[in-house]
Amino acid sequence: RFYADGLASPGTDITFFDWPVLRERRGTRSIARTGFRVATEASLAYWASRLADQHITAAPIATVDGRPTLAFDDPEGQRLALVVDTATSPAHPWERSPVPAEHQIRGLGPITLSIPELAGTAAVLTGLMNMTEVRPYPATASTDGTATPAEVHVFEMARDTGPAAELHVAIEPHLSPARGGAGGVHHVAFRTPTFEQYDAWAERLREARVPFSGPVDRFYFRSLYFREPHGILFEIATDGPGFAADEPLEQLGEHLSLPPFLEAQRAEIEARLKPV
């Protein structure tokens, strides 16, 4: 299941796999928290109230890396956060949302990884993916909720700034490796705008001798998958064709839409889906 803003914009979508699995075991070598951007501190107050109404416990609003932040776990234990983004990038609210337009989520970011040691991952982020390490900041607790603090290093995309362009890397050698499961995050995706750039990234991975999936056509976008040195799965995905490739934008989410390679399994997939 894909969820995104009112235009299904690249950089706003989060995917959920509807699989019956055990809960994840939290630890390092994992994606530890998914951030979403909102416009103002008033939006954080709105969401704190909305979460309380849904009986979801959130941490108090706090300043993290200089930004007001509301951290919470969803009912499956997935670690999420809402972060104030003061950038003037356009927002695309969904008109049928029960959330007022001014408080709706603007997009993804920052994403927090947990790893035991920085050097190898930093080399991939800076040397392969052209990101820049811009600053560290101290965390008040580990990403698994224990009292042991972690140092967090912020990496930023080369052509953009702000929380939408950041990857936060927590150094946590005291944690055991995570085990995937419900509430865990399978991979993090990075955008590439065009098919030409997608092909260039595939060639860059080959030249760097990084093992990767080879081209993968997801119909709505094309993907490349590879793992950073601690085993966390990265995806490079194209912006297009987009989620309106097979149905009108204004009808997205009204019924089950499947890419052509899954259409033959429609009856089986529909039978296993849980109501939203």
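Before going into details, it helps to say that this report is about the structure given with it. Since this is a predicted model, take the numbers as computed values, not measurements. (Residues numbered from 1 in each chain as written. Predicted model: local features only at pLDDT ≥ 70, side-chain atom pairs only at ≥ 80, totals over all residues. Heavy atoms only, no water.)

## Here's the deal with the pattern of salt bridges
Now for step 1: In this structure the tally under the stated criterion is 15 salt bridges.
Now for step 2: Here D18 makes a salt bridge to R1, at a shortest N to O gap of 3.3 Å. Of the two residues, D18 is situated in the loop between β2 (14–15) and β3 (30–38) and R1 in the segment before β1 (2–3); the sequence distance between them amounts to 17 residues.
Now for step 3: Looking at D18, the relative accessible area reads 34%, which means it is partly exposed.
Now for step 4: Here R1 falls in the partly exposed class, since its relative accessible area comes to 32%.
Now for step 5: Notably, a salt bridge pairs E166 with R135, separated by 3.0 Å at the nearest N-O pair. With a gap of 31 residues between them, E166 in strand β10 (residues 166–171) and R135 in strand β8 (residues 132–138) connect regions that are remote in the sequence. (Salt bridge = Lys/Arg side-chain N within 4 Å of Asp/Glu carboxyl O. Helix = DSSP H or I, 4+ residues; strand = E, 2+ residues; numbered from the N terminus. Buried < 20%, exposed > 50% of the residue type's maximum accessible area, 1.4 Å probe, protein only.)

## Some details on the packing of aromatic side chains
Now for step 1: Applying the stated criterion across every chain yields a total of 11 aromatic pairs.
Now for step 2: Ring geometry for F190 against F234: centres 5.1 Å apart, planes inclined by 65°, an arrangement best described as edge-to-face. Of this pair, F190 sits in strand β11 (residues 188–192) while F234 is found in strand β14 (residues 233–241), placing the two residues 44 residues apart along the sequence. For the residue pair F190 and F234, the accessibility class agrees, reading buried in each case.
Now for step 3: Pairing F219 with Y220 gives two aromatic rings, centres 5.1 Å apart and planes at 75°, and the pair type is edge-to-face.
Now for step 4: Through a chain of ring-to-ring contacts, the aromatic side chains of F2, F219, Y220, F221 and F243 assemble into a single cluster. (Phe/Tyr/Trp six-rings, centres within 6.5 Å; stacked < 30°, edge-to-face > 60°.)

## Considerations on the environment of E228
Now for step 1: Structurally, the position occupied by E228 is in the loop between β13 (221–227) and β14.
Now for step 2: Residues E228 and L128 lie 100 residues apart in sequence; the distance between their C-alpha atoms is 10 Å.
Now for step 3: Contacts of E228, omitting those with residues within four sequence positions, involve I115, T121 and F234. (Contact = heavy atoms within 4.5 Å.)

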